[in-house]
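So you can see what is in the structure, the chains are spelled out below.
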Amino acid sequence: MLSTMPDFPLTITSLLRLAEGQFSDREVVTYIGDGYRRQPYAELARDAARLAHALRGLGIDGDQRVATFMWNSAEHLAAYLAVPSMGAVLHTLNIRLFPEQLVYIANHAEDQVVIVDASLVPLLRPLLDDMKTVKHVIVVGEAELDGAYDYRELLDQAPDTFDWPELDERAAAAMCYTSGTTGNPKGVVYSHRSAYLHSMSVCTANAMGLSSADRVLPIVPMFHANAWGLPYASFMAGASLVMPGRFLQAEHLTRVIAEEKVTVSGAVPTIWGDILRYARQHEDVDLSSLRLVPCGGSAVPESLMRALQEEYGVRVVHAWGMTETSPLATIAHGDSWELRVTQGRLLAGVEGRIVGDGDRVLPNDDVAVGELEVRGPWVTGAYYLDEDPLKFNDGWLRTGDVGRLSAHGFVTLTDRAKDVIKSGGEWISSVELENALMGHPAVVEAAVIGVSDERWGERPLACVVIEGTADAAELREFLADRVPRWQLPERWSFIEAVPKTSVGKFAKRELRDMHARGELQIITL
Ligand code: AMP
């Protein structure tokens, strides 16, 4: 028999209603470099209504794509609420992609309108001619752009309430392209339902436990997997949002955290590494308001987590996810460091398994190593207009991440499938070597890649960025206490910075190319 419960639609519109209703007194604060702009959620909701009217006026009357090319700000949040709630699809463009990739994805998604921050107009302007479907551009702030609309002028002319339509929860709400795969970037399309359920999950105590007492600072960009879902989850919880704008340097971030009494903040390890170094150099840094720092995007070195906790009382919680998984899929709460350095436990709703050669499902015994596959209501089942059967396996997403799974659902990743190093038939985890190296006080960044070796097939090449003094022999000695001897790299390269991808991860492919072109100076021990 069927239940007596209705299929009440789970939509972003209902989050908007919370913002304009019971949480109308919560606030969004946008940092502008020398001060702040403040808006209660009631006003943000009115701006969302005005924006929806403005977009209607520009021809957005169905599921057309409205792109954003923006920093994390109140205006970007208004678009997060307005675009999906009016039935259109929000497409967050990653401002750090290469021009050709941006043109490709805007054309592929058939974006019709782009909302752009004035400071980013110089980046967007040269691409617009090639973005064939874009009809209108709306500029937030002051910048010269022929034919563009001024955001404030448009909104000032519009009514501050909107007759939000009834939506199907399965309808597309937002999309984000991932360049983590090979070939062209691929589009992941989130539904209202997936965004809603993901937000509920983020709000659980096993994840971030957000509540109306929190002040959340999403440092992770809103164009990267919806800022890890922090904006929507904050509307659901009634948490206030503090937006850093384009000020992503440690000096600004530490100031905002202290002045705005931020309680939860999400960013990749590189940013927290910068904050730690800055805090060590400046006595007046106060991070005491932070109760939880979810961190992921790449493996978080244990040394970083420990330092922030022991020196500043900041609890960093390791989390794993992908654009394809909305993104939060695992998070590492636990009393022991043993658990906290894992990628974390699968959230309720997300199922995982480890798959070995020939698609054999391996035991969840925290020993067997294979590719992690996941599925769930906020894990994509396909890419937008892009067949990639290799990424999907009978309803499961092949993550491309290699690791193990414990009986209690904790995932430990040892590598990306394409980054593992096979030496004499045995796997060496580049991530383990990197994490161990980053525990050395002189090492700022370390990336390890596999290079061909006559005898062993492949051996690790450690590329390190150091501050102060440490030579290869010393670093090797340091590693000797931490990893098996046969894994110790004999090849070392001291570089100025590890090349990064558009979302700030180590671009190991770029390092491999540099190595192939003979651009890395190598010291052999
Ligand atoms: P993206 O879609 O750009 O967010 O990239 C997702 C990929 O980032 C994953 O497939 C992992 O390879 C990597 N990643 C994310 N979080 C972690 C983590 N906590 N530890 C290791 N790798 C991670």
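Keep in mind it's a predicted model, so treat the numbers as computed, not measured.

1. Remarks on the overall build of the protein chain
Here is step 1 of the chain: Within the protein chain one finds 16 helices and 28 strands.
Here is step 2 of the chain: Here the protein chain has a C-alpha radius of gyration of 23 Å; the compact-globule value for 525 residues is 24 Å, and the two agree.
Here is step 3 of the chain: In terms of its C-alpha atoms, the protein chain occupies a principal-axis envelope of roughly 70 × 60 × 50 Å.
Here is step 4 of the chain: Sorting the 525 residues of the protein chain into buried and exposed places 59% on the buried side.
Here is step 5 of the chain: Summing over all exposed atoms, the protein chain offers an accessible surface of approximately 22200 Å²; the carbon and sulfur share of this is 49%.
Here is step 6 of the chain: For the protein chain, the centre of its 48 positive side-chain charges and the centre of its 72 negative side-chain charges are spaced 3 Å apart.

2. Section: the domain arrangement of the protein chain
Here is step 1 of the chain: Domain boundaries assigned for the protein chain yield domain 1 (12-248) and domain 2 (421-524).
Here is step 2 of the chain: The C-alpha-based centres of domain 1 and domain 2 are spaced at 38 Å.
Here is step 3 of the chain: Of the residues lining the interface, six residues belong to domain 1; the matching set on domain 2 comes to four residues.
Here is step 4 of the chain: Of all residues in domain 1, Asn 94, Arg 96 and His 224 bury the most surface against domain 2, accounting for 70% of the area lost on that side.
Here is step 5 of the chain: On inspection of domain 1 and its partner domain 2, the count reaches one residue pair in polar contact (both at pLDDT 80 or more).

3. A look at the packing of aromatic side chains
Here is step 1 of the chain: For the coordinates displayed, the defined rule picks out six aromatic pairs.
Here is step 2 of the chain: Ring geometry for Tyr 80 against Tyr 232: centres 5.2 Å apart, planes inclined by 40°, an arrangement best described as tilted. Of this pair, Tyr 80 sits in helix α3 (residues 74-85) while Tyr 232 sits in helix α9 (residues 230-237); the two residues are 152 residues apart in sequence, bridging distant segments of the chain. Here Tyr 80 matches Tyr 232 in class, with each residue buried.

4. Comments concerning unusual backbone geometry
Here is step 1 of the chain: Residues Ser 326 and Pro 327 are joined by a peptide bond in cis, for which omega reads 10°.
Here is step 2 of the chain: The topology assignment puts Pro 327 in the loop between β14 (316-321) and β15 (328-331).

5. Examining the site of the ligand
Here is step 1 of the chain: For the ligand, the set of nearby residues contains 17 residues, the closest of which are Ala 319, Thr 323, Asp 401, Arg 416 and Lys 505.
Here is step 2 of the chain: His 318 is positioned such that a nitrogen or oxygen atom in its side chain is 2.9 Å from a nitrogen atom of the ligand.
Here is step 3 of the chain: Between the ligand and the protein, one listed contact pairs a nitrogen atom with a side-chain N or O atom of Gln 343 at 2.9 Å.
Here is step 4 of the chain: Against a free-state accessible area of 490 Å², the protein chains account for coverage of 88% of the ligand.
Here is step 5 of the chain: Ranked by residues supplied to the shell around the ligand, first place goes to β14 with four residues.

6. Some thoughts on the sheet that holds strand β10 (residues 215-218)
Here is step 1 of the chain: Reading across the sheet, the five strands line up as β2-β1-β11-β10-β12 and stay open at both edges, with mixed pairing between neighbours. Strands with a single pairing partner mark the edges of an open sheet, and in this sheet they are β2 (36-40) and β12 (264-266). Here the average twist between neighbouring strands, direction ignored, is 20°.
Here is step 2 of the chain: In the sheet, β10 pairs with β12 via three bridges, with the strands oriented parallel. Bridge pairing links Val 216 to Val 264 in β12.
Here is step 3 of the chain: Most of the contacts of α9 go to strand β11 (residues 240-243), to which it runs at about 150°, and overall it touches β10, β11 and β12.

7. Describing the packing of helix α2 (residues 41-57) against α3
Here is step 1 of the chain: Remark: α2 packs on α3, axes separated minimally by 8 Å, with the N-to-C direction vectors making an angle of 65°. Note that α2 runs across α3; the crossing there is right-handed. Here Leu 44, Asp 47, Ala 48, Leu 51, Ala 52 and Leu 55 of α2 lie close against α3, whose contacting residues are Ala 74, Leu 77, Ala 78, Ala 79, Leu 81, Ala 82 and Val 83.
Here is step 2 of the chain: Split into classes, the residues belonging to the contact of α2 with α3 amount to twelve nonpolar, no polar and one charged.

8. What to know about the nonpolar core
Here is step 1 of the chain: Formed by 126 residues in total, the largest nonpolar core has its most connected members in Leu 55, Ile 115, Leu 210, Phe 235 and Trp 272.
Here is step 2 of the chain: The dominant element in this core, judged by the number of residues it contributes, is α2, at nine residues.
Here is step 3 of the chain: Apart from residues lying up to four places away in sequence, Ile 115 is in contact with Leu 51, Val 66, Ala 67, Thr 68, Phe 69, Met 70, Ala 79, Ile 138, Val 140 and Tyr 151.
Here is step 4 of the chain: Counting 28 residues, the second largest nonpolar core, distinct from the first, contains Leu 102, Ala 109, Leu 128 and Val 134.

9. What about the packing of helix α1 (residues 12-20) against α3?
Here is step 1 of the chain: Relative to each other, α1 and α3 sit at 130°, their axes nearing to 8 Å. When the axis of α1 is compared with that of α3, the two are oblique. Crossing hand, α1 versus α3: left-handed. Of the residues in α3, those touching α1 at Ile 12, Thr 13 and Leu 16 are Tyr 80, Leu 81, Pro 84 and Ser 85.
Here is step 2 of the chain: A breakdown of the residues in the contact of α1 with α3 according to their chemical character gives five nonpolar, two polar and no charged.

10. A look at the pattern of salt bridges
Here is step 1 of the chain: In total, this model carries 32 salt bridges according to the counting rule given.
Here is step 2 of the chain: The salt bridge partner of Arg 170 is Asp 168, with a shortest N-O separation of 2.8 Å.
Here is step 3 of the chain: The exposure class assigned to Arg 170 is exposed, which follows from its relative accessible area of 63%.
Here is step 4 of the chain: Relative accessible area serves as the criterion here: at 38%, Asp 168 is assigned to the partly exposed category.
Here is step 5 of the chain: It is possible to trace a salt-bridge network through shared partners that takes in Glu 43, Arg 46, Asp 47, Arg 50, Arg 152 and Asp 160.

11. Some words on the sheet that holds strand β4 (residues 89-92)
Here is step 1 of the chain: Spatially, β7-β6-β5-β3-β4-β8-β9 is the arrangement adopted by the seven strands of the open sheet, whose pairing is mixed. The sheet is open, and its two edges are formed by β7 (149-150) and β9 (186-191), each paired on a single side.
Here is step 2 of the chain: One ladder, built from four bridges, connects strand β3 (residues 65-69) with β4; its direction is parallel. Bridged to Thr 68 within β4 is Thr 92.
Here is step 3 of the chain: Set on the sheet, α3 makes contact with β3, β4, β5 (111-117), β6 (136-140) and β8 (172-178); between it and β4 the angle comes to about 145°.

About the thresholds
- Residues numbered from 1 in each chain as written.
- Predicted model: local features only at pLDDT ≥ 70, side-chain atom pairs only at ≥ 80, totals over all residues.
- Heavy atoms only, no water.
- Helix = DSSP H or I, 4+ residues; strand = E, 2+ residues; numbered from the N terminus.
- Rg over C-alpha atoms; globule rule 2.2 N^0.38 Å.
- Buried < 20%, exposed > 50% of the residue type's maximum accessible area, 1.4 Å probe, protein only.
- Areas by Shrake-Rupley, 256 points an atom, 1.4 Å probe, with all protein chains shown as cover.
- Lys, Arg positive; Asp, Glu negative; His and termini not counted.
- Charge placed at Lys NZ, Arg CZ, Asp CG, Glu CD.
- Domains from an automatic or database assignment.
- Contact = heavy atoms within 4.5 Å.
- Buried area = accessible area lost by both parts, 1.4 Å probe.
- Polar contact = N/O pair within 3.5 Å; in protein donor to acceptor, adjacent residues only side chain to side chain.
- Phe/Tyr/Trp six-rings, centres within 6.5 Å; stacked < 30°, edge-to-face > 60°.
- Near = heavy atom within 4 Å.
- Pairing = 2+ DSSP bridges.
- Axes fitted to C-alpha atoms, helices over the stretch in contact; angles between N-to-C directions.
- Left-handed = near helix turned anticlockwise from the far one by under 90°.
- Nonpolar A, V, L, I, M, F, W, Y, C, P; charged D, E, K, R; others polar.
- Core = buried A, V, L, I, M, F, W, Y, C linked by side-chain atoms within 4.5 Å.
- Parallel < 35°, antiparallel > 145°, perpendicular 65-115°, else oblique.
- Salt bridge = Lys/Arg side-chain N within 4 Å of Asp/Glu carboxyl O.

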